[in-house]
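Below are the chains, spelled out letter by letter.
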Amino acid sequence: MPETSKQLENTLSALLNRRESQGRLRRLSITSASCVDFSSNGYLSLSTNQEVQKSLIARLHFEVTRSEDKNTSHGPRRSILGSGGSRLLDGNSEFAESLEAKISAFHGAEAALLFTSAYDANTGLLGSVPQPGDVIVYDELIHASVHDGMRMSRATKRIPFAHDSISEICQGQGNSVGEGHQSKNRALDDILRQLSEDERIKGSTANVFICVEGLYSMDGDVVHLQKVIEAVDRFLPAGNGYIIVDEVHSVGIFGDKGRGLVCQHGLEDRVWARVFGFGKAMGCAGGVVLCSSTTRSYLINYARSLIYTTSMAFTSLASIDVVYDYLISGQSEPLRQHLETLFLYTHRQLLGLRARLQPGRPVFHIRETLSKSPIIPVFTIDPRGLAEHCQQSGFMVRPIVAPTVPAGSERVRICLHSANTTEQVDGLCSAIEVWVRSQMVAKGAYESKTCGGKIVDDGHVFTGQDKPRL
């Protein structure tokens, strides 16, 4: 290493040491093959589905053998391993454009534009479309890719709003981001009401972009999309309010044949743009923006994450195509039905565990409202301890801590998959119960020493005859 690099290395090491001292240092790890998967985002288990795998292999084999056939009249050999460039140069293909047509038709959109990832799709869309004078209003829990896109944009203002003001699961429960954290941001209605008094917005010389997610990956709750649309109609009657829905986690799960949340509610004509990711329920990789033909042309001209990157190879396009064939044919419906049964079962099991043990909110807490998604957060003050215990018991779950989620709302995230079984869920719940009981014993021993036999929970002192609050 050059002598001049030592100062930089020391600076980077100091920053890493500080993060480690805060318990926030990230590390790469390899998931044990012996662990039952309750962590990954492959909700429909399509990446390990043998029918999907066989279809993809058959597609690739056909392309290779066709290229080897000297008597073929299909033209030059297709590049399978790489695309050869960006889509504006040599990386475009008839296959890519036909796939976009298939995707847009399936989801009831006018047009679609593929990106190498949903991250690139969000940064490309948000980084190029808002113009000077425009305003972006976004959910405080929106994905990091939207934040990065907003930083790149020319929008004059970026305003966060309270997540609970548009979450189905949180309606009427006050402004709390996750559990144990109070939001400092105003509700969406309040922000749009104030913006409606701006003369530029009132006169339609400035636009307002409203960014939400369909299914939130850390909390497992679903956006109240109709409420968002009603707020936009009420406060932006001139029609210059444009809703963007990130459906990365909801596509494949919700709607007829997995068309997504917007399609489930029949709101295709009320949402300006949708962003899908293929790395979650869809089981492959890549992203797409569903939009108008005009917006698609604009993105081709101005979205830097499309223009200045190598486009997806045939192997990636083929995997997306195969998965869409699987969804369109209806073969994924039994998987989706089993998944829905599973997340209702899991939530009830966890609720039963909490009711039996009554461990107190800091140790173990889940929401009362039954889950509508395969993502179930288990709130605890020691997410790393719980996750480590579950992993040692053969169940892969991950701790989610600040800054990924707001401080005070740390949790272990359970992600369910169509390949999971009720027996596996029972095993996970048993492992959680063992850990919770150990925490209750440890907590009771500590409090009996410090409080003279009285139990302190959430700031309240109980005697032996009292029951602790949840």
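Structure's up top.
What counts and what doesn't
Residues numbered from 1 in each chain as written. Predicted model: local features only at pLDDT ≥ 70, side-chain atom pairs only at ≥ 80, totals over all residues. Heavy atoms only, no water. Helix = DSSP H or I, 4+ residues; strand = E, 2+ residues; numbered from the N terminus. Buried < 20%, exposed > 50% of the residue type's maximum accessible area, 1.4 Å probe, protein only. Contact = heavy atoms within 4.5 Å. Areas by Shrake-Rupley, 256 points an atom, 1.4 Å probe, with all protein chains shown as cover. Axes fitted to C-alpha atoms, helices over the stretch in contact; angles between N-to-C directions. Parallel < 35°, antiparallel > 145°, perpendicular 65-115°, else oblique. Nonpolar A, V, L, I, M, F, W, Y, C, P; charged D, E, K, R; others polar. Salt bridge = Lys/Arg side-chain N within 4 Å of Asp/Glu carboxyl O. Pairing = 2+ DSSP bridges. Arc of directions from axis to C-beta.

Enquirer: Please explain the overall build of the protein chain as it appears in this structure.
Expert: In terms of helices and strands, the protein chain carries 15 helices and 14 strands. For the protein chain, the proportion of its 470 residues judged to be buried stands at 50%. Considering only residue pairs separated by 6 or more positions, the protein chain has 71% of its internal contacts joining residues 24 or more positions apart. Counting only carbon and sulfur atoms, one obtains 51% of the accessible surface of the protein chain, whose full area is about 22200 Å².

Enquirer: I'm lost on the packing of helix α4 (residues 118-128) against helix α10 (residues 293-302) in this one. Help?
Expert: Orientation of α4 relative to α10, taken along the N-to-C sense of each, is 95 degrees, at an axis distance of 10 Å. Taken together, the axes of α4 and α10 lie roughly perpendicular to each other. When α4 is examined against α10, the residues Gly124, Leu125 and Ser128 are found in contact with a partner set consisting of Tyr298, Leu299 and Tyr302. Partitioning the contact of α4 with α10 into residue classes produces 4 nonpolar, 2 polar and no charged.

Enquirer: Would you explain the pattern of salt bridges in this entry?
Expert: Any two side chains of opposite charge can pair if their charged atoms end up close together. Tallying each qualifying case throughout the model produces 22 salt bridges. Between Lys372 and Glu168 there is a salt bridge whose closest N-O contact spans 3.1 Å. Of the two residues, Lys372 sits in the loop between α13 (333-357) and β9 (375-379) while Glu168 sits in the loop between β4 (157-161) and α6 (188-195), which places them 204 residues apart along the sequence. Exposure remark for Lys372: the relative accessible area of 52% places this residue in the exposed category. Of the charged contacts, one joins Glu368 and Arg354 as a salt bridge, the two residues approaching to 2.1 Å between their closest N and O atoms.

Enquirer: Help me out: how do you make sense of the sheet that holds strand β5 (residues 208-213) in this one?
Expert: Within a sheet, adjacent strands bond to each other through the backbone by hydrogen bonds, running parallel or antiparallel. Taking strand neighbours across the sheet as the criterion, the 7 strands line up as β2-β8-β7-β6-β5-β3-β4 in an open arrangement whose pairing is mixed. Because the sheet does not close on itself, it has two edges, and the strands there are β2 (111-115) and β4. Across the sheet, the axes of successive neighbouring strands diverge by a mean angle of 20 degrees, strand direction being ignored. Relative to β4, strand β3 (residues 135-139) is paired through 5 bridges, and the arrangement is parallel. For Val137, the partnering residue across the bridge sits in β4 and is Ile159. The strands touched by helix α3 (residues 94-106) within the sheet are β2 and β8 (287-291), with β2 carrying the most contacts at an inclination of about 125 degrees. The strands that helix α8 (residues 225-235) touches are β5 and β6 (241-246); relative to β6, the one it contacts most, it runs at about 165 degrees.

Enquirer: What should I look at first to understand the sheet that holds strand β12 (residues 411-415) in this one?
Expert: Overall, antiparallel pairing links the 3 strands, which are arranged β9-β12-β11 in an open sheet. With partners counted over all chains shown, the strands left at the sheet margins are β9 and β11 (398-400), one partner each. Across this sheet, the average inter-strand angle for adjacent strands is 35 degrees, counted without regard to direction. The pairing of β9 with β12 spans 5 bridges and is antiparallel. Its bridge partner lying in β12, Ile375 is registered against Cys415. Each of β9 and β12 touches α13; the most contacted strand, β9, lies at about 15 degrees to it.

Enquirer: I'm lost on α6 in this one. Help?
Expert: Within the span of α6, buried status applies to Leu188, Asp189, Ile191, Leu192 and Leu195. Taken around the axis of α6, the buried residues stretch over an arc of 165 degrees, which confines them to a single face. Contact partners of the buried residues in α6: β3, β4, α7 (199-202), β5 and α8.

Enquirer: Could you clarify how one ought to interpret unusual backbone geometry in this entry?
Expert: Leaving glycine out, the prevailing phi sign among residues is negative, and the prevailing peptide bond configuration is trans. The linkage connecting Ala402 with the following residue, Pro403, adopts the cis geometry, with an omega of 10 degrees. Within the secondary structure, Pro403 is located in the loop between β11 and β12. Here the phi dihedral of Ser45 falls at roughly 55 degrees; this positive angle occurs in a residue that is not glycine. Along the chain, Ser45 falls in the loop between β1 (36-37) and α2 (50-68). The exposure class assigned to Ser45 is buried, which follows from its relative accessible area of 11%. Look at Ser204: it is not a glycine, yet its phi comes out positive at around 65 degrees. The class of Ser204 is partly exposed, set by a relative accessible area of 36%.

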